[in-house]
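So you can see what is in the structure, the chains are spelled out below.
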Amino acid sequence: MKIVELDKKEFDRYVITEPDCSLYHTSKWVSYFNNPKSEYHYLAYQDDVFYFAFAIVEIYRKNIFSRKEAFVDYGYIINYYDLRLLKNFHNDLVAWLNEKDVKTLTISPNIPYRTQYGNNAYLLKAIQELGYEKIEDTFNYSYFPEEEDDKESLLSLNISEMNINDADIIEKQFSYNVKDVLEHFKDDVKIMALSINTIDSLVKINDSLEEDKENGELDNLRAAVEKIMNEYENDLIVEYICYIKYDRYAYILFTDSLNSIDTDRALFKEVMKKEKDIKALYCQKPFRGAKKEKRIGRYIFNL
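Described below are features of the structure shown in this document. In this text, all values refer to a predicted model and were calculated from it rather than measured experimentally.

**So, the environment of N119**
Move 1: Looking at the element boundaries, N119 is found in strand β7 (residues 118-119).
Move 2: With 177 residues separating them in the primary sequence, N119 and I296 have C-alpha atoms 9.4 Å apart.
Move 3: Leave out the neighbours within four places in its chain, and N119 touches Y113 and R114.
Move 4: At a separation of 3.0 Å, a polar atom in the side chain of N119 contacts the main-chain amide nitrogen of A121.

**Details of the pairing of strand β11 (residues 189-196)**
Move 1: Burial runs high along β11: 7 of the 8 residues are buried.
Move 2: In terms of strand pairing, strand β10 (residues 158-162) meets β11 through 5 bridges, oriented antiparallel. When the bridges of β11 are listed, E161 appears paired with M192.
Move 3: Direction of pairing for β11 relative to strand β12 (residues 236-246): antiparallel, over a ladder of 8 bridges. Counted as the bridge partner of M192 is I241 from β12.

**Here we look at the pattern of salt bridges**
Move 1: Counting across every chain of the model gives 11 salt bridges.
Move 2: Put simply, E275 and K190 hold a salt bridge, and the shortest N to O gap is 2.7 Å. Remark: K190 occurs in strand β11 and E275 occurs in the loop between α10 (264-274) and β14 (280-283); sequence separation between them is 85 residues.
Move 3: For K190, a relative accessible area of 22% corresponds to the partly exposed category.
Move 4: Measuring nitrogen to oxygen at the nearest pair gives 3.2 Å for the salt bridge that ties K273 to E270. One end of the pair is K273 and the other is E270, both in helix α10 and 3 residues apart, which spans about a single turn.
Move 5: Since its relative accessible area comes to 47%, K273 is described here as partly exposed.
Move 6: Assessed through its relative accessible area of 15%, E270 is described here as buried.

What counts as what
- Residues numbered from 1 in each chain as written.
- Predicted model: local features only at pLDDT ≥ 70, side-chain atom pairs only at ≥ 80, totals over all residues.
- Heavy atoms only, no water.
- Helix = DSSP H or I, 4+ residues; strand = E, 2+ residues; numbered from the N terminus.
- Contact = heavy atoms within 4.5 Å.
- Polar contact = N/O pair within 3.5 Å; in protein donor to acceptor, adjacent residues only side chain to side chain.
- Buried < 20%, exposed > 50% of the residue type's maximum accessible area, 1.4 Å probe, protein only.
- Pairing = 2+ DSSP bridges.
- Salt bridge = Lys/Arg side-chain N within 4 Å of Asp/Glu carboxyl O.

Here it is as structure tokens:
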């Protein structure tokens, strides 16, 4: 078998048929978050007829004087439990990287540490026996719909779908530079926002604000809320999430909230209602109401 390089369209056409493929393993994700100073290679492991593994390899230098490094975010699409295939693919990939004068390879496999059959400690050991050194733990964060939702009352507040043209409203109310980010996503991204039109609504969903009544901080917040509403002629956005739908999942790009308001489940529930065929929401970073799942970790291999 041999390493072959595919173009983006051909790579996506084959990789999306793999059961372990996610948005993170496609050229679409790279197009959103690519580093203009990096090279991206769409590789497949092929015999005369079939493809047995896929990888998007980013090659970069930290600065113009540093050596070349390679990174495979979320790891390879391969049957990790076929240790012979894994070893052969690794060896051939290392040979391919040597031709590119790459000195280190870092991978972060999207493999859970624990499964319904036990843990993947033996797989971790097999990866290390190939010469990889574990450098840190990694985690997935997900939200699945629940039959009982203690945040049901929040749905009586104003939850609405927004678009990129509304991003300046969000940007004015939050410190995050949303508009610039969304320009890279164009029509693929969707935004759900929870907003209020009175300070009393804000107090209703944030019990901690009750404590501020005694020291006068609530009055300051009330003034800030009224200023935003008067200046921008819209409700105060309490929280928002931006996500992309891919296959039967929604991938959260970023989320932000005012103070410590715990409203995530209300927004997540609205996403699940709107995208009726979605099974779960995923995020690369922790967010409130999410399930934290340990992966087998991030590894580095010195060529």
